[in-house]
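Secondary and tertiary structure notes
Residues per chain are reported as follows:
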Amino acid sequence: MAAAASELLTGWCLFGLALLAILIFCWVYVRKYQSRRESEVISTITAIFALAVALISSALLPVDIFLVSYMKNQNGTFKDWADANVSRQIEDTVLYGYYTLYSIILFCVFLWIPFVYFYYEEKEEDDGNTCSQVKTALKYTLGFLTICAVLLLIGAFVPLDIPNKKNSTEWEKVKLLFEEFGSSHGLTALSFSISSLTVIGMLAAITYTAYGMSALPLNLIKGTTSAAYERLENTEDIEEVEQRMLRIKSKCRDGRPLSSRDRRTVQQLEERLRTLRRRERHLESIEKSWWAKFCEAIRPLKIVWGVFFIVVALLFTVSLFLSNLDKALHSAGFDSGFIILGTNLTNPLNMLLPVLQTVFPLDYILITTIVMYFIFTSMAGIRNMGIWFFWIRLYKIRRGKTRPQALLFLCMILLLIVLHTSYMIYSLAPQYVMYGSQKYLVQSNKTADGQPGNVTTFVSKDCDADAPEDQCIVTRTYLFLHKFWFFSAVYYFGNWAFIGVFLIGLIVSCCKGKKSVIEGEVDEDDSDMSDDELSVYYR
């Protein structure tokens, strides 16, 4: 008991350090991208808090897997302190952790972030009294609260009973797991609301994460163009634009006015010239900055990381494809949400995790790395693409120039993607997400050498769907993911879309050339005041 308490205390200390690291990272990330001229205290705090909640929520899956595995020894027996009551308490603690964080996510998505967003939208349009801005923001936020209330009501009364498919043994076991999970209408309502948001997170993952998984590694491998070379090209462009303006203006030297077409051309050339001169200032600052020299020095390391990331992305894609193919071939079909217990077609990740289980804690490090990889590739995808609503580009994510509303959108998208991350991990390694590294004892009859008759022995076996219910504990993550079969069916088709978008993004990223060293830093709609922030980043 003392050893177990010591290990748990160490675990809580590590969790505290991880929480501190997450808060520091969120503060640095938000401060890095937010606009210095438009930054607001409330929007900054909201963005940091929402991003921290997203990252903390992503840590639930590794913790859940660790706890169910920690209660059993490697030989398949339960530890001395892990009796039925302790096991149930640990399971309930994990479950309450899920519902607490997911309730906070609902609060952020349907109340806090929309209110702060509409408040600053009104502040830009009307610099009047604060009371009017708050009233207008509350009016629009009420629409989000109505959607949340509708989802909760539907979730409280939606039927969970699904017709059996010809006495499917797998489906009967899934129903038993659902009954174990509980039948509280309040928790069911919360589960339905979170699952609905997870579908939106799936769409965001298909759009941003799939593209980020291809764009991030290839950008690291390709690198950026030289600042000196870009500056030389930019100087030539400036000279060309100035000469064109002089040729057009020379038409009116005899006193004749310019035609309307020539005036429009001159205005366009003047705007182009302002943009080129801003580019010139940015390129000059980068050329002199110590940060650019440091990035150039670690270029080989970036290539190594890029190769590693693309290998990991291909590993994920192959594993996801084989897992989905397994569901297509061996599941009970659409009516069961394509749920299968166990693995019929193995995949690279499912093969790797059992090997890593033999050396603690390599398997948990891998799962945590996978979760964080999804988060950072999502960030890269959003940063490269910007924030879109169908074909309309709403905001750009740029270092030091991101508006408060864009940061709020970024954090909301990440919150939704994190909700879908758990199902993505389950799709990659279904057996491991269900049981972790648990083993159970199986009776085996062997003939002893030189002795008549059989000798009864017990051998350990990895937990699977055939294990007795009292010998293997299913993670709360798995039960939560499959509480509603129709969402599981949607996730199944979403995985195919994710694979398709990743392959398309990989082809597009391979065909594109090197990025500009000031990619996204200078746009025609920027004001000259934006150059005042150059000294913050390029020194």
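Residues numbered from 1 in each chain as written. Predicted model: local features only at pLDDT ≥ 70, side-chain atom pairs only at ≥ 80, totals over all residues. Heavy atoms only, no water.

**Focus on the overall build of the protein**
Quick note on the threshold: Strands here are runs of E lasting at least two residues and helices are runs of H or I lasting at least four, both read from the DSSP assignment and numbered beginning at the N terminus. Three labels apply to residues, based on accessible area from a 1.4 Å probe with only protein chains included: buried if under 20% of the type maximum, exposed if over 50%, partly exposed otherwise in between. By definition in these notes, contact holds between two residues if any of their heavy atoms fall within 4.5 Å. Here the Shrake-Rupley method, with its probe set to 1.4 Å, supplies the accessible areas, and only the displayed protein chains count as covering residues.
Along the backbone of the protein there are 18 helices and four strands. The buried share of the protein, reckoned over its 539 residues, is 48%. Considering only residue pairs separated by 6 or more positions, the protein has 80% of its internal contacts joining residues 24 or more positions apart. As displayed, the protein has an accessible area near 27100 Å², and 63% of this comes from carbon and sulfur atoms.

**Let's talk about the nonpolar core**
Note the following rule: To define a nonpolar core, start from buried Ala, Val, Leu, Ile, Met, Phe, Trp, Tyr and Cys residues and group those joined through side-chain atoms within 4.5 Å.
Formed by 118 residues in total, the largest nonpolar core has its most connected members in Phe374, Leu415, Ile425 and Phe498. Those residues within four positions of Phe498 in sequence are excluded, and the remaining contacts are Ala205, Ile206, Thr209, Ala210, Met213, Leu320, Phe374 and Met424. In terms of nonpolar packing, the next biggest core, distinct from the first, is built from nine residues, Ile238, Val241, Met245 and Ile248 among them.

**Quick look at the pattern of salt bridges**
For clarity, the cut-off: The rule for a salt bridge is simple: a side-chain nitrogen of Lys or Arg has to be within 4 Å of a carboxyl oxygen of Asp or Glu.
Across all of its chains, the model carries three salt bridges by this definition. Linking Glu242 and Arg277 is a salt bridge whose minimum nitrogen-to-oxygen distance equals 3.0 Å. Of this pair, Glu242 sits in helix H8 (residues 227-249) while Arg277 sits in helix H9 (residues 260-288), and the two are 35 residues apart along the sequence.

**Examining the pairing of strand E2 (residues 392-395)**
Rules: Two strands form a pair only when DSSP identifies at least two bridges running between them.
One ladder, built from three bridges, connects strand E1 (residues 387-389) with E2; its direction is antiparallel. By the bridge assignment, Trp388 is partnered in E2 with Arg393.

**Concerning the UniProt feature "coiled-coil region" (unreviewed entry) in the protein**
As a reminder of what qualifies: UniProt positions are given in the numbering used here, feature names are shortened, and annotations may be inferred rather than shown by experiment.
The positions that UniProt labels "coiled-coil region" (unreviewed entry) are, in the present scheme, residues 259-286. This span, residues 259-286, is 96% helix and 0% strand, and a straight line between its end C-alpha atoms measures 41 Å.

**Considerations on the environment of Leu269**
With respect to the secondary-structure elements, Leu269 resides in helix H9. Classification of Leu269 as buried rests on a relative accessible area of 7%. When the C-alpha positions of Leu269 and Met245 are compared, they lie 6.9 Å apart, and in sequence the two are 24 residues distant. The residues touching Leu269, leaving out its near neighbours within four places in the chain, are Val241, Arg244, Met245 and Ile248.

**Describing the packing of helix H14 (residues 404-428) against helix H17 (residues 485-511)**
Here is the rule we go by: Axes, fitted as lines to C-alpha atoms, cover a helix only where it is in contact. Angles between the N-to-C directions of the axes lie from 0 to 180 degrees. Small angles under 35 degrees read as roughly parallel and large ones over 145 as roughly antiparallel, with 65 to 115 read as roughly perpendicular and the rest as oblique. Residues are grouped as follows: Ala, Val, Leu, Ile, Met, Phe, Trp, Tyr, Cys and Pro are nonpolar; Asp, Glu, Lys and Arg are charged; all remaining types, including Gly, are polar.
Between H14 and H17, the shortest axis-to-axis distance is 11 Å and the interhelical angle comes to 75°. As the angle between them shows, H14 and H17 are arranged roughly perpendicular. Here H14 contributes His420, Tyr423, Met424 and Ser427 to the contact with H17, which in turn contributes Ser488, Tyr491, Tyr492, Asn495 and Phe498. The residue makeup of the contact of H14 with H17, split by class, is five nonpolar, four polar and no charged.

**Some points on the packing of helix H13 (residues 362-385) against H14**
Note the following rule: A crossing counts as left-handed when the near helix is turned anticlockwise from the far one by less than a right angle, and as right-handed when that turn is clockwise.
Orientation of H13 relative to H14, taken along the N-to-C sense of each, is 140°, at an axis distance of 10 Å. When the axis of H13 is compared with that of H14, the two are oblique. Crossing handedness for the pair H13 and H14: right-handed. Each of Ile367, Ile370, Val371, Phe374, Ile375, Ser378, Met379 and Ile382 in H13 lies in contact with H14, whose residues at this interface are Leu410, Ile413, Leu414, Ile417, Val418, Thr421, Met424, Ile425 and Leu428.

**With respect to the packing of aromatic side chains**
Going by this rule: Two aromatic rings from Phe, Tyr or Trp, using only the six-membered ring of Trp, form a pair when their centres are within 6.5 Å; if the ring planes differ by under 30 degrees the pair is stacked, by over 60 it is edge-to-face, and anything between is tilted.
If you walk through the whole model with that rule in mind, you get 23 aromatic pairs. Here the aromatic rings of Phe25 and Phe376 are separated by 5.5 Å at their centres, their planes lie at 85°, and the arrangement is edge-to-face. Pair noted here: Phe25 is in helix H1 (residues 2-33) and Phe376 is in helix H13, with a separation of 351 residues, a long-range link. Given a relative accessible area of 26%, Phe25 falls into the partly exposed group. Between Phe118 and Phe144, the ring centres sit 6.1 Å apart and the planes meet at 55°, which makes this aromatic pair tilted. One end of the pair, Phe118, is in helix H4 (residues 84-125); the other, Phe144, is in helix H5 (residues 130-157), and 26 residues separate them in sequence. Of the residues examined, Phe118 reaches a relative accessible area of 19% and is grouped as buried.

**Points about the side chain of Ser509**
Counting through the fold element by element, Ser509 comes out in helix H17. Take Ser509: its relative accessible area is 6%, and that puts it in the buried class. Ser509 has contacts with Tyr211, Ser214, Ala215, Leu218 and Lys222, leaving out every residue within four places of it along the chain.

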